[in-house]
Amino acid sequence: MLGGWLKMSAITGEILTFSQEKGPDVKLRVFGDEFYSRYETEEGYTVVYDIDLGRFCYAYLFKGEFVSSGVDLSHAPPEKIWRHLKESEQVRNAKFETRYAKMSPPVPPYQPIATIRTYGPNKGLLEGRRLSEGNIKGLTILVQFKDVKSTVTREDVDNMLNGENYTENDNFCSAKEYFRLMSGGKMNYTNEVVGPVTLSKNRRYYMNHLLVEEALDLAIASGVDLKKFDSQDEGIVDAINILYAGQTQYIGELWPHNYFLELRRDSMKTHFYMLSSLGRSKEDLSIGTFCHENGHMLCRWPDLYDYGTRDGDFEKSSGLGYYCLMSAGNHNDRGRTPSPVCVYLRYLVDWCDNVMCLDKPGEYQAVHGEYNKVLIFESRKPNEYFLIENRSQLDLDKDIPSSGLAIYHCDILGSNEWQGGTPTNHYQCGLLQADGHLDLETNRNMGDEMDLFKETAATAISHSTLPSSNLWDGSESGLTISNISAPGQIVTFQVGTYGVSPAIQAVTPSIEERGIPKHAELIKIIEDAQVKIDEGLEKLRAIA
């Protein structure tokens, strides 16, 4: 079984160990995340947990939904049960939406009118109360079960969350230092760690019963004053982190998650909470997933990867892969050196006071680790723009797959569940991969060596390169970048055209080889036709 901090996002086919109330532990292959999951035996038979029998049983499909056959895994599978069963799209969507809705508070009856650069009140962020500046104190409750205890101490967790020069277990820094660094000193996030408190029942019970309320009441009974965790004096607890004893349980209410829950205690009420495990020992402690989930809770950052469900295609994509904390970057170096928060999300929460517009031709430089600065090329659309960032493999970037200049195509009205790349359905923040491949969009990997722009004197990106700097509707944005220097602490580059030739693409695969959806092939045909039309018009003008 994996340690407590290794996974909090999707699991695709990993074999994990699960306990049974009335049977021995079993090994199952897991597919899914905290919103929707399914389980198979190592032989590929789909199973469900039968609460009445207290065991995992082989599953039938009934009206598109899994039901227990009543035959547990100590027996051979019943006749006419097929391997790799999947629930219908309607059932999967319904189950996903039920749990996904728990991430956000109820929508208020009134929504502010959109203003320029702010489409709706959230500006590309998740709905809900945002706390991204000032002194913020979270409550972290360590929990153990009647039958499962932990060797991880309160001091171990306190050091990981609040330490000034924390490097234990090869962590780059503490969670507090990570947020201070990302925010340019704007956010001072500390946690008071309490416990462990001991729950009244065995661990198996809490797979079907949420433990949050019992854990909170035990913490209050031990002397915790919730008013200490209300930085805005609004009667709301800013953040609750609940870490349970033992290895992570990827099932039911113990699957690590981040939800909204309102519990009233005297004059205070809860808001967002995160639940995960402590792991088997202090050696499992790492900051990556804690920072990722608190990024949801406090900053209201969305996940920058595709759940593979809500966009209607059930095809997952990698989003920003290992290049952002809020994609898969929280897992870099086993969570000990998580990726920085990408400049797009830092910009959305106003952490970038130093804004440099790339609206004039000339030479610019991108300094690595200058997290309070944004290099932006604005288009004629207030919601769509390009951001430039130095992502050389230094410091928190040491474990990302590539090294060099990152160019992001951003649209606050997009979603990283939309990998199609059409004018209406496209990423909220997409990395323009320098090799022209769409490996992140097609879920081929979480990033590779050829993703970022390295040293070149040629034109790296323009309206006619692959990838291009065109807007999502296919029109030109006007952005041209050339003369990029080698990766390092400072990367220089030229904005505007100066007679340089487009960079030769070492690999320019066909649409079929890239695995681009068919609608992209249609767009390519249209673009080629437009080029021919333009050429014809030029000839007509010459004749005239």
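Procedures and definitions
- Residues numbered from 1 in each chain as written.
- Predicted model: local features only at pLDDT ≥ 70, side-chain atom pairs only at ≥ 80, totals over all residues.
- Heavy atoms only, no water.
- Pairing = 2+ DSSP bridges.
- Helix = DSSP H or I, 4+ residues; strand = E, 2+ residues; numbered from the N terminus.
- Axes fitted to C-alpha atoms, helices over the stretch in contact; angles between N-to-C directions.
- Polar contact = N/O pair within 3.5 Å; in protein donor to acceptor, adjacent residues only side chain to side chain.
- Contact = heavy atoms within 4.5 Å.
- Salt bridge = Lys/Arg side-chain N within 4 Å of Asp/Glu carboxyl O.
- Buried < 20%, exposed > 50% of the residue type's maximum accessible area, 1.4 Å probe, protein only.
- Patch = residues over 30% accessible without salt bridge, like charges linked within 9 Å, V, L, I, M, F, W, Y side chains within 5 Å.
- Areas by Shrake-Rupley, 256 points an atom, 1.4 Å probe, with all protein chains shown as cover.
- Arc of directions from axis to C-beta.
- Phe/Tyr/Trp six-rings, centres within 6.5 Å; stacked < 30°, edge-to-face > 60°.

1. Some points on the sheet that holds strand β18 (residues 405–411)
Okay, so step 1: Spatially, β14-β16-β17-β18-β19 is the arrangement adopted by the five strands of the open sheet, whose pairing is mixed. Two strands close off the open sheet at either side, each with one partner strand: β14 (354–357) and β19 (429–431). Going from strand to strand, the sheet's axes swing by 30° on average, the running direction of each strand aside.
Okay, so step 2: Two elements, strand β16 (residues 373–378) and strand β17 (residues 384–390), share four bridges in a ladder whose sense is antiparallel. The partner of Glu-378 across the bridge, within β17, is Tyr-385.

2. A word on the side chain of Asp-397
Okay, so step 1: Topologically, Asp-397 is positioned in the loop between β17 and β18.
Okay, so step 2: Reaching out from Asp-397, the side chain makes a polar contact with the side chain of His-368 at a distance of 2.9 Å.
Okay, so step 3: Asp-397 has contacts with Pro-340, His-368, Asn-390, Arg-391 and Ser-392, leaving out every residue within four places of it along the chain.

3. Notes on the pattern of salt bridges
Where charged atoms from two side chains of opposite charge approach closely, those side chains can pair.
Okay, so step 1: Enumeration over the complete set of coordinates arrives at 28 salt bridges.
Okay, so step 2: With its nearest N and O atoms 3.1 Å apart, the salt bridge here joins Arg-180 to Glu-177. Placement of the pair is Arg-180 and Glu-177 together in helix α3 (residues 175–182), with a separation of three residues, close to one helical turn.
Okay, so step 3: Residue class for Glu-177 comes out buried when judged on its relative accessible area of 13%.
Okay, so step 4: Across the salt bridge formed by Arg-265 and Asp-217, the nearest N and O atoms sit 2.8 Å from each other. Taken together, the residues Arg-265 in strand β11 (residues 264–265) and Asp-217 in helix α4 (residues 212–221) connect sequence positions 48 residues apart.

4. A look at a nonpolar patch on the surface
Okay, so step 1: Together, Tyr-60, Phe-62 and Val-67 give the surface a local cluster of nonpolar side chains, amounting to about 270 Å² of exposed area.
Okay, so step 2: Relative to the helices and strands, Phe-62 is located in strand β5 (residues 55–62).

5. Some points on α4
Okay, so step 1: Within α4, burial applies to Val-212, Ala-215, Leu-216 and Ala-219. One side of α4 holds all its buried residues, which, seen down the axis, span an arc of 100°.
Okay, so step 2: For α4, the secondary structure elements touched by its buried residues are β7 (134–144), β8 (187–198), β9 (240–244) and β13 (272–277).
Okay, so step 3: Positive phi shows up at Gly-223, right after α4, with a value of about 115°.

6. A few points about the packing of aromatic side chains
Okay, so step 1: Applying the stated criterion to the full structure yields 17 aromatic pairs.
Okay, so step 2: On the basis of an interplanar angle of 85° and a centroid distance of 5.6 Å, the ring pair of Phe-18 and Tyr-39 is categorised as edge-to-face. Here Phe-18, found in strand β1 (residues 11–20), pairs with Tyr-39, found in strand β3 (residues 37–40); they are 21 residues apart in sequence, far enough to count as distant.
Okay, so step 3: Classification of Tyr-39 as buried rests on a relative accessible area of 8%.
Okay, so step 4: When the centroid spacing of 5.3 Å and the interplanar angle of 85° are considered together, the rings of Trp-301 and Trp-351 count as edge-to-face.

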